[in-house]
Amino acid sequence: MAIVMSVNAGSSSFKFQVFEMPEEKVLAQGNVERIGLENSIFGMKFNGQKIKEVMDIPDHGVAVKKIMSALVDNKIVEHLDDIQAVGHRMVHGGEYFDHSVKESQEAIDKFIELTDLAPLHNPAGLLGYRSFKEALPHASHTFVFDTAFHQSMPKENYLYPIPYEYYENDKIRRYGMHGTSHLYLTQRYAELTGKKIEDVNIVTCHLGNGGSITAVKNGKSFKTSMGFTPLAGIMMGTRCGDIDPAIIVYLQKKYGYTYEDIDNILNKKSGFLGVSGISSDSRDIEDAAAEGNERAILAEKMFNNRVIETVSGYIGLMGGADAIVFAGGIGENSWLHRKEICDGLSVFGVEVLDELNKDVRGVEKKLSSEASKMEVWLIPTDEELVMARDAYKDLMENA
Ligand code: AMP
């Protein structure tokens, strides 16, 4: 038995889970928010209990100390040395990493080289790793990348039709994101249906505030909707997803926008928020749409249509699929979005009946009818578990 942590560091936050492995039992989960700002928040759930403290946490190092003392004080671990392995979410692994790797100077150097590809996320991942490494110097640390699962995409599916030298010189290509989630959904679908991973041909829809869809062919990522950055693909909470790139040039010319302005408009002011003018949160949009708000109704239709056309395209590209899997905050909770999307896929013989789908949230369930030509599943995703599994695997291999 080993205690393993998964850690997701943001520029001003930490999310963590503590597992007993290999049982995969969650002992605790929590987060630190507003690191470096006033009134930082520490929260943790364990053993049916919940704690929340508002305090000043000036940096990530102090945040880790707080997490560690909370784990010991609440007897989740007896000593810090009991934590034998940590899986770190490192986000962008570029073309270097197609699976998780154990910490090494070589891996750190490569990771730092990739900072330009994820200028906000990669430094946060590194800071998180360094803070935990200092607190747990004897533990085994493993780097887990959001891009790794998608490294199996064939070249024709990851290249952009722009001059080839931008790929060769600047590594501009589709990388995809949410790989840890799409991998989990693939593995879990295989378990639930008794299939071998290499026989899994599905489309996984991770629909949250950020969203991406992946064509999984023979158990591997074949194409995914996020691209060079997470801005691409379907419409999201505040991100536009795919748009005509000439719009950017047009707006720059017309309004004199800088690249920061454009970045802000497309990443923070678009998507559900931009179209509805109400909110980035799909719950607010659903409520407004139910009251007849036209732009909320439009935003919902645009989102659903983008998902339908992406899933349809992927089914064609893969030469057919056995199932569609829903996950993420919207995929796991909003039966109406699932209904509209599945109705839009009826040309493939997809049939999801209300009695199987309505009000279902947050549970593993097959939603399609017996008559459906393609299965539809709801599988709550679990990226933290994948991180803990990879960290545990490294720990065992190096034991
Ligand atoms: P995520 O980024 O995966 O946490 O997903 C966030 C999105 O999921 C937001 O748009 C939320 O509105 C949506 N979401 C979360 N819970 C629900 C719910 N109970 N019903 C509908 N949408 C939800």
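Within each chain, residue numbers correspond to sequence positions counted from 1 in written order. Only residues with pLDDT of 70 or above have their local features reported here, since the model is predicted, and side-chain atom pairs are shown and tallied only from 80 upward, although totals for entire chains, interfaces and linings are computed over all residues. The side-chain numbers reported here are obtained from all heavy atoms of the structure, hydrogens and water having been left aside.

Please set out the side chain of Asp394 residue by residue, giving values where relevant.
By the element assignment, Asp394 lies in helix H15 (residues 383–397). Whether a residue is buried, partly exposed or exposed follows from its accessible area with a 1.4 Å probe, protein chains only, as a fraction of its type maximum: under 20%, in between, or over 50%, in that order. Within this scheme the basic residues Lys and Arg register as positive and the acidic residues Asp and Glu register as negative, but His and the chain ends are omitted. Salt bridges are defined as contacts in which a side-chain nitrogen from Lys or Arg sits within 4 Å of a carboxyl oxygen from Asp or Glu. One buried charged residue, Asp394, forms no salt bridge at all, with the nearest opposite charge on Lys393 at 5.4 Å. One polar contact links the side chain of Asp394 to the main-chain amide nitrogen of Lys102, over a distance of 3.3 Å. The contact definition used throughout considers only heavy atoms, calling two residues in contact when any of these lie within 4.5 Å. With near-sequence residues (within four places) excluded, Asp394 lies in contact with Val101, Lys102, Ser140 and Thr142. Helix and strand labels come from DSSP, where a helix needs a run of H or I of at least four residues and a strand needs a run of E of at least two; each type is numbered from the N terminus. Throughout this description, a polar contact denotes any pair of N or O atoms lying within 3.5 Å of each other; where both atoms belong to protein, one of them has to be capable of donating a hydrogen while the other can accept it, and for residues adjacent in sequence the pair is counted only when both atoms sit in side chains.

If you had to explain the site of the ligand to someone new, which residues and values would you point to?
Around the ligand sit Gly208, Asn209, Asp281, Ser282, Arg283, Gly328, Gly329, Ile330, Asn333, Ser334 and Arg361, and those are all the residues in its vicinity. Residue Ser282 places a main-chain N or O atom 3.0 Å away from an oxygen atom belonging to the ligand. Between Gly329 and the ligand, the recorded distance is 2.9 Å, taken from a backbone N or O atom to an oxygen atom. Here the ligand has 500 Å² of accessible area as a free molecule, and 73% of this is covered by the chains. Breaking the shell around the ligand down by element, the ones donating at least two residues are helix H10 (282–290) and helix H12 (328–333). Broken down by element, the residue count for the shell around the ligand peaks at 4 residues, all from H12. Amino acids are sorted into nonpolar (Ala, Val, Leu, Ile, Met, Phe, Trp, Tyr, Cys and Pro), charged (Asp, Glu, Lys and Arg) and polar (every other residue, Gly among them). The class makeup of the residues in the shell around the ligand is 1 nonpolar, 7 polar and 3 charged. By convention in this text, a residue qualifies as near a molecule or strand provided that one of its non-hydrogen atoms is within 4 Å of it. Only the protein chains shown count as cover for residues, with accessible areas throughout obtained via the Shrake-Rupley method and a probe of 1.4 Å.

Quick rundown of the sheet that holds strand S3 (residues 25–33)? Include the residues and the values.
Strands are treated as partners if at least two bridges between them are detected by DSSP. An order of S5-S4-S3-S2-S1-S6-S8-S7 is seen for the 8 strands of this open sheet, with the pairing classed as mixed. This sheet does not close on itself; its edge strands, each paired only once, are strand S5 (49–55) and strand S7 (101–102). Pairing of strand S1 (residues 2–9) with strand S2 (residues 14–21) involves 8 bridges; the strand directions are antiparallel. Note that in S2 the partner of Asn8 across the bridge is Lys15. For helices, the fitted axis covers only the stretch in contact; all axes are lines through C-alpha atoms, and the angles between them, taken along N-to-C directions, range from 0 to 180 degrees. Across the sheet, helix H1 (residues 60–73) touches S1, S2, S3, strand S4 (40–46), S5 and strand S6 (83–91), and the angle it forms with S2 is around 35°.

Pulling in residues and values, what's your account of helix H11 (residues 294–318)?
A helix is expected to span 1.5 Å multiplied by its residue count minus one. If you check H11, its first and last C-alpha atoms are 36 Å apart, about what 25 residues at 1.5 Å a residue would give, namely 36 Å. By the burial criterion, the buried members of H11 are Ala296, Ala299, Glu300, Phe303, Asn304, Val307, Ile308, Thr310, Val311, Tyr314, Ile315 and Met318. One or two steps after H11, the chain reaches Gly319, where phi turns positive at roughly 75°.

Residues and numbers for the packing of aromatic side chains, please.
Paired rings are identified among Phe, Tyr and Trp, the last through its six-membered ring, by centres lying within 6.5 Å, and are further divided according to the angle between planes into stacked (under 30 degrees), edge-to-face (over 60) and tilted (the rest). Applying the stated criterion across every chain, the model contains 12 aromatic pairs. On the numbers, 4.9 Å between centres and 85° between planes, the contact of Tyr129 with Phe143 is edge-to-face. Placement of Tyr129 in helix H3 (residues 121–135) and of Phe143 in strand S8 (residues 140–145) is noted, with a sequence separation of 14 residues between them. As far as the burial class goes, Tyr129 and Phe143 line up, both buried. By the ring-pair criterion, three or more aromatic residues cluster together here, those being Tyr96, Phe97, Phe111 and Phe145. As a reminder, the over-ring test applies to NZ of lysine and CZ of arginine, requiring each to be within 6 Å of the ring centre and within 35 degrees of the ring normal. Across from the ring centre of Phe222, 4.6 Å away, lies the NZ or CZ of Lys217, which sits over that ring.

Before we move on, can you summarise the packing of H10 against H11 with the specific residues and values?
Remark: H10 packs on H11, axes separated minimally by 7 Å, with the N-to-C direction vectors making an angle of 125°. By the angle between their directions, the pair H10 and H11 is classed as oblique. Read as a crossing pair, H10 and H11 show a hand that is left-handed. Residues Ile285, Glu286, Ala288 and Ala289 of H10 form the contact with H11, whose participating residues are Ala296, Ile297, Ala299 and Glu300. Taken together, the residues that form the contact of H10 with H11 break down as 6 nonpolar, no polar and 2 charged. An angle below 35 degrees is treated as roughly parallel, one above 145 as roughly antiparallel, one from 65 to 115 as roughly perpendicular, and anything else as oblique. Working rule for handedness: look at the near helix, and if it is turned counterclockwise from the far one by less than a right angle, call the crossing left-handed; if clockwise, right-handed.

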